[in-house]
Amino acid sequence: MQYSKIIKEPIEHFSVKPNLHDYHMMYRELNWDKISRDMDWFDSEHINIASVIIDSHLKTDRRDKKALIWENQKGEQEEYTFAELARLSNKFANILVSQLGIRKGDRVFFFLERVPEIYIGIIGTLKAGGVIGPLFSAFGPEAVKDRLIDSRAGVLVTSPALKKKISEIIPELPDLKNIITVQKGKDKADPGDISYEEAMAAASDSFDTVKTKKEDYAIMHYTSGTTGKPKGAVHVHGAVLGHYATAKYVLDLQPQDIYWCTADPGWVTGTSYGMFGPWSNGITQVVYDGAFSAKRWYSFIERRKVTVWYTAPTAIRMLMKAGDDLPGQYNLKSLRYTCSVGEPLNPEAVVWGKKVFDKPFHDNWWQTETGAIMIANYPVQDIKPGSMGRPFPGIRAGVLDDDFNELPHGKEGNLALRPGWPSMFRTYWEKEEMYQSKFKNGWYITGDKAKKDEEGYFWFVSRADDVINTAGHLVGPFEVESVLIEHPAVAEAGVIGKPDPIAMEVVKAFVSLKENCEPSEKLKHDIQKFVMKRLSSAAAPREIEFIASLPKTRSGKIMRRLLKAKELGQPLGDTSTLEED
Ligand code: AMP
């Protein structure tokens, strides 16, 4: 699958200033050993992410520095210093340990809006030695059920509105023992549930953080693959070294910065760079809890005097669509450094950033499994618009052929990394075999296709599998197909990513109907709503095409490759394994 409409050759390079010699030297010397030696919190055996990101600041002058400045669309605001987050997360840890009996390694999942309580709860859970699992609040019941059943989470932290959305699946979760609801002043918690506010009011604010080892599990993020249900990528406490170093050297975070990461905490960017990276560097971060609008975003940057901004290509393309004149109506002079991740960033978007903010976007690449940024246009190097940049110091990336041997530059192949960085995932939760299958010939195979140029810059080509990247969210076609065939009118379904100028790809479904069901526009809407309600709006097919039957292999597997080729008007290639009619 080629994103040729989006990716073009470089337009121009943005050169860095020549006076960055020291910086260059620093990068040249950077490696994981050096980074760990520089950290006063680093202990070769024990690390707890929460201690690093919050409590390590308590004996410094950052103690009363603002850590979190939160505001929502209604204009409500809350602010927390590092000391306040330490105190509140201690209370949450006490609820988990004393009241609910949480022990090291127990899973505590969060299905919560982007409210301060999700940050407090996550820090508290890590202090208690629990493993956090954040779930995107836009998920529907089916998506939440899959993840809670698979992880066997014992505690769910949610809100009354989100609990209502998934109420039908709660009786189907045998391992879920406790639900904590963040009431935000609304009514009482349901009988049997724990009110966050009441429990926090009663809990002690002193807690001895559980002494976790560097390799103890800390974080689980579910990610979609081509086949099967989403799988939980597991990260360890020692990962924070990677979050710390990349936030410092790729996002260029400096003590005085006001940093805005637009990602939701339900996704890996929202934890690695919406909590762990910035706070391990003692940085003030601002959070906006509201729907996207170009005006609201610009006004937020102006009001909060954001200096470093980490966002995503779809958002940038939506801002571009809102017009070049709009940014001029706001004072955005505070911005000094802008970055992007999640999908290929088209060169036009990089150039546009330079034009309207006088700051080109620095694209970088990583994924749920890598836990932290791996390839980046970091501050000391020229930006090649359209390229993801170069591997972070200490990371070795390569492009491999299908026998997993390294290819020379200029050749397209499988993007792979040499294992061994701190934030690398340690397994797929209870799917060790699938985890092992990602390693070939001494490399971790990322599932992306890329090429490298002679200066060592990497260029994204496509996914190597059928996973759909819509607005930076990975959607597994199998997950959508499984829900589609539960619709009473659907006999079979095949799902592909259709190129889209804004979201990069949107979900398109080819559907064959059961006998006596007639195709109609109304039925299309009904099917779309069906998927949206169960999975999420991102996973709901933007387009549905009714076809008589789906192309299949002899063993009955739907050939998405052919559906894709048909959609793009490309040659169908080898059809020898097609179903015989
Ligand atoms: P996720 O695991 O949900 O964070 O998604 C990771 C995937 O998003 C990668 O494997 C890529 O396919 C895609 N991706 C992330 N960053 C970039 C980027 N800078 N350029 C191109 N694709 C990206």
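Computed from a predicted structure; not experimentally measured. (Residues numbered from 1 in each chain as written. Predicted model: local features only at pLDDT ≥ 70, side-chain atom pairs only at ≥ 80, totals over all residues. Heavy atoms only, no water.)

(A) Representation of the pattern of salt bridges within the structure. For the structure on display, the rule yields 42 salt bridges. Among the ionic pairs, Lys229 bridges to Asp146, the shortest N-O distance being 3.5 Å. Residue Lys229 is located in the loop between strand S8 (217-223) and strand S9 (231-236), and its partner Asp146 is located in helix H6 (residues 141-151); the two are separated by 83 residues in the primary sequence. The class for Asp146 is buried, based on a relative accessible area of 13%. When the shortest N-O distance is used, the salt bridge between Glu545 and Lys566 registers 3.1 Å. Of the two residues, Glu545 is situated in strand S27 (residues 543-546) and Lys566 in helix H17 (residues 560-568); the sequence distance between them amounts to 21 residues. For Lys566, a relative accessible area of 43% corresponds to the partly exposed category. Several salt bridges share partner residues, and in doing so they unite Lys498, Lys508, Glu543, Glu545, Lys566 and Glu567 into one network. (Salt bridge = Lys/Arg side-chain N within 4 Å of Asp/Glu carboxyl O. Helix = DSSP H or I, 4+ residues; strand = E, 2+ residues; numbered from the N terminus. Buried < 20%, exposed > 50% of the residue type's maximum accessible area, 1.4 Å probe, protein only.)

(B) Spotlight on the pairing of S9. Of all six residues in S9, six are buried; the element is thus mostly enclosed. In this structure, S8 lies alongside S9, joined through six bridges in antiparallel fashion. Across the sheet, Tyr217 pairs through a bridge with Val236, a residue of S9. Strand direction decides the pairing type here: S9 and strand S19 (residues 427-428), joined by two bridges, are antiparallel. Note on S19: the bridge partner recorded for Val234 is Thr427. (Pairing = 2+ DSSP bridges.)

(C) Examining the domain arrangement of the protein chain more closely. Its domain assignment divides the protein chain into domain 1 (11-448) and domain 2 (468-568). Here domain 1 packs against domain 2, burying approximately 1,700 Å² in sum over the two surfaces, 58% of which is carbon and sulfur. Three residues stand out in domain 1 for area buried against domain 2, namely Glu142, Ser224 and Arg317, and they jointly supply 25% of the buried area on that side. Our enumeration of links across domain 1 and domain 2 arrives at one salt bridge. The partner of Glu479 in a salt bridge is Arg147, and the shortest N-O contact between them spans 3.5 Å. Linking domain 1 with domain 2 are 12 residue pairs in polar contact (both at pLDDT 80 or more). Looking at the side of domain 1 that touches domain 2, the elements with two or more residues in it are H6 and helix H12 (313-321). Per element, the largest residue contribution to the side of domain 1 that touches domain 2 is five residues, and it comes from H6. (Domains from an automatic or database assignment. Buried area = accessible area lost by both parts, 1.4 Å probe. Polar contact = N/O pair within 3.5 Å; in protein donor to acceptor, adjacent residues only side chain to side chain.)

(D) Representation of the packing of helix H5 (residues 116-127) against helix H10 (residues 268-280) within the structure. In contact at an axis separation of 11 Å, H5 and H10 are set at 70° when each is read in the N-to-C sense. With respect to H10, the axis of H5 lies roughly perpendicular. Regarding H5 and H10, the two cross each other, and that crossing is right-handed. Contacts between H5 and H10 involve Tyr119, Ile122, Ile123 and Leu126 from the former and Gly274, Met275, Phe276 and Trp279 from the latter. Its residues placed into classes, the contact of H5 with H10 shows seven nonpolar, one polar and no charged. (Axes fitted to C-alpha atoms, helices over the stretch in contact; angles between N-to-C directions. Parallel < 35°, antiparallel > 145°, perpendicular 65-115°, else oblique. Left-handed = near helix turned anticlockwise from the far one by under 90°. Contact = heavy atoms within 4.5 Å. Nonpolar A, V, L, I, M, F, W, Y, C, P; charged D, E, K, R; others polar.)

(E) Main features of the sheet that holds strand S25 (residues 490-500). With mixed pairing, the three strands of this open sheet are ordered in space as S25-S26-S27. The open sheet has two edge strands with one neighbour each: S25 and S27. Taking each pair of neighbouring strands and ignoring which way they run, the sheet shows an average axis angle of 25°. As paired elements, strand S26 (residues 504-513) and S27 share four bridges and run parallel to each other. From the neighbouring strand, Val511 faces S27, where its bridge partner is Phe546. The sheet strands contacting H17 are S25, S26 and S27, and the helix crosses S25 at an angle near 50°.

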